[in-house]
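# Observations on the model geometry
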Amino acid sequence: MTSNVSQFNPASPRPKVIIFTCILHLAVLLVFLPHTFSWAALGVAVFLHWITIGLGISFGFHRLATHRSLQTPKWLEYFLILCGTLALQGGVLGWVGYHRAHHLYSDQEKDPHNSTQGFWWSHISWLMHSVPMRTELPRLTKDIADDPFYRFCHRYYIELQVALGVILYFIGGWSFVIWGIFVRLFVGLHSTMFVNSACHMIGYRSHDSKDRSTNCWWVAFLTFGEGWHNNHHAFQYSARHGLQWWEIDVTWMTIRLLQFLGLATNVKVVQK
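About the criteria used
- Each chain carries its own residue numbering, running from 1 in the written order of its sequence.
- Given that the model is predicted, a residue must reach a pLDDT of at least 70 before its local features are reported, and side-chain atom pairs must reach 80 or more before they are shown or counted; all residues, however, enter totals for whole chains, interfaces and linings.
- Computation of side-chain values: all heavy atoms of the structure, hydrogens and water removed.
- A run of DSSP states H or I qualifies as a helix once it reaches four residues; a run of E qualifies as a strand once it reaches two. Both are numbered from the N-terminal end.
- The reference for a compact globule is 2.2 Å times residues^0.38; the radius of gyration itself is calculated from the C-alpha atoms.
- Three labels apply to residues, based on accessible area from a 1.4 Å probe with only protein chains included: buried if under 20% of the type maximum, exposed if over 50%, partly exposed otherwise in between.
- We call two residues in contact when some of their heavy atoms are within 4.5 Å.
- Positive: Lys, Arg. Negative: Asp, Glu. His and the chain ends are not part of the count.
- Note on charges: their place is set at NZ of Lys, CZ of Arg, CG of Asp or CD of Glu.
- In this analysis, rings of Phe, Tyr and Trp, with Trp reduced to its six-membered ring, are considered paired at centre separations within 6.5 Å, and the interplanar angle assigns stacked below 30 degrees, edge-to-face beyond 60, and tilted for intermediate values.
- The salt bridge definition used is simple: a Lys or Arg side-chain nitrogen within 4 Å of an Asp or Glu carboxyl oxygen.
- Structural elements are reduced to axes, namely lines fitted to C-alpha atoms, with helices fitted over the stretch in contact, and the angle between N-to-C directions of any two is expressed from 0 to 180 degrees.
- UniProt positions are given in the numbering used here, feature names are shortened, and annotations may be inferred rather than shown by experiment.
- Definition of a polar contact: a pair of N or O atoms within 3.5 Å, with one able to donate and the other able to accept a hydrogen when the atoms are protein atoms, and with sequence-neighbouring residues admitted only if both atoms are side-chain atoms.
- Values of pLDDT, the confidence the predictor places in each residue, fall between 0 and 100.
- Geometric relationships in this document are graded by angle, where less than 35 degrees denotes roughly parallel, more than 145 denotes roughly antiparallel, 65 to 115 denotes roughly perpendicular, and other angles denote oblique.

The next thing to look at is the overall build of the protein. Of the regular secondary structure elements, the protein holds 13 helices and two strands. Over its C-alpha trace the protein gives a radius of gyration of 18 Å, about what one expects of a compact globule, namely 19 Å for 272 residues. When the backbone C-alpha atoms are referred to their principal axes, the protein occupies close to 50 × 50 × 40 Å. Out of the 272 residues in the protein, the part that is buried amounts to 55%. Residue pairs at least 24 apart in sequence account for 71% of intrachain contacts in the protein once pairs closer than 6 positions are excluded. The positive charge centre, built from 20 side chains, and the negative charge centre, built from 14, are 2 Å apart in the protein.

With that settled, consider the packing of aromatic side chains. This model, assessed by the stated rule, comprises 14 aromatic pairs. When the ring of F47 is compared with that of W50, the centres are 6.0 Å apart and the planes differ by 55°; the resulting orientation is tilted. On the criterion of helical spacing, the pair formed by F47 and W50 is a turn pair, its members being three residues apart in helix 3 (residues 39-66). Given a relative accessible area of 46%, F47 falls into the partly exposed group. With centroids separated by 6.4 Å and ring planes inclined at 80°, the aromatic side chains of F235 and Y237 adopt a geometry described as edge-to-face.

The tally for this structure, following the rule as stated, stands at nine salt bridges. Put simply, E226 and R63 hold a salt bridge, and the shortest N to O gap is 2.7 Å. Separated by 163 residues along the polypeptide, E226 in the loop between helix 11 (217-223) and helix 12 (229-234) and R63 in helix 3 bring together distant segments of the chain. Side by side, E226 and R63 carry an identical accessibility label, which is buried. Two residues, D249 and R63, come together in a salt bridge whose shortest N-O distance is 3.0 Å. Within this pair, whereas D249 is found in the loop between helix 12 and helix 13 (250-260), its partner R63 is found in helix 3, the two being separated by 186 residues in sequence. Comparing D249 with R63, the two get one shared label, buried. One connected set of salt bridges, linked through shared partners, spans R63, E226 and D249.

Close contact between helix 9 (residues 157-172) and helix 10 (residues 174-196) brings their axes to 6 Å; oriented N to C, the two are set at 145°. On helix 10, the residues touching Q161, L164, G165, L168, Y169, I171 and G172 of helix 9 are W174, S175, F176, V177, G180, I181, R184 and L185.

The subject of this paragraph is the UniProt feature "domain: Fatty acid desaturase" (unreviewed entry) in the protein. UniProt marks residues 38-247 with the feature "domain: Fatty acid desaturase" (unreviewed entry), using the numbering shown here. The distance from the first to the last C-alpha atom of residues 38-247 is 33 Å, and the span holds 58% helix and 1% strand.

Further remarks concern the side chain of T251. Position of T251 relative to the elements: it lies in helix 13. Side-chain polar atoms of T251 contact the backbone oxygen of F224, separated by 2.9 Å. The residues contacting T251, other than those within four sequence positions of it, are G54, S58, F59, R63 and F224.

In this section: the UniProt feature "transmembrane region" (unreviewed entry) in the protein. Following the UniProt record, the feature "transmembrane region" (unreviewed entry) maps to residues 17-33, 39-64, 76-98 and 156-179 here. Structurally, residues 17-33 comprises 65% helix and 0% strand, and the distance from its first C-alpha atom to its last is 26 Å. From the first C-alpha to the last, residues 76-98 spans 23 Å; its make-up is 74% helix and 0% strand.

A separate point is the confidence of the model for the protein. Taken residue by residue, the protein gives an average pLDDT of 94. The fraction at 70 or more is 96%. Predicted confidence is poor over residues 1-8, with pLDDT under 50, and the contacts of this stretch with residues over four places away or in other chains come to 11 contacts.

Running from N to C, helix 8 (residues 148-155) and helix 9 point in directions that differ by 70°, and their axes come no closer than 5 Å. Between helix 8 and helix 9, the angle is such that the two are roughly perpendicular. For the pair helix 8 and helix 9, the contacting residues are F152, C153, H154 and R155 in the first and Y157, E159 and L160 in the second.

Here you go:
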């Protein structure tokens, strides 16, 4: 099903986000300049992808902050939120609020990235528009909105990214910046957005979740387990998304390790 975004979601453009998105995609082309590649720079990009998307977005922003699928010591929670902030996918309050709205209105008109409006909208175009339900975000994030650390990360996520870029420059020069910032952000952004788009369009369905969510193995690979999206929509409370033995969920493995170490408690899972 396809539809005109302006019919169902009369959202106004967000010029700053559009400009940033264009700059990021152009900056990735710097990899084609001479002497920008090194195995060390690639290693930094892969490591930071795991830190920011695996520990930050999948674990911190999603399973911990958004769904409260488990509890961790406050210092560890703040570390994970900082990791997610470095993914540069907007402020944490907005990320959490939009995702909670997605579950409330999944694939309906008020879903911020409603997949019935097409791949482009659900993948990235929704980010570049001020969707009407944005006014509901304060109501959806009341539990974290007054936390000083969350507010700090929400306010200074751009400055923190710049600081990381400066550190990478002094460690490894421009190759570390190009791969550790621009390439890593590009891959991380689209990996996460595939959960909103591809995981509502292709893949298989294990559960009747009353929406279009699917399980997609290659999205799970890119996002450390988030691609088992139909499982997640069926059991939103669960800290484990890969429910079958072949559904590899690296974030769940991390949670299990922390549980063994006593750093993850009240872990919610599907009772089989």
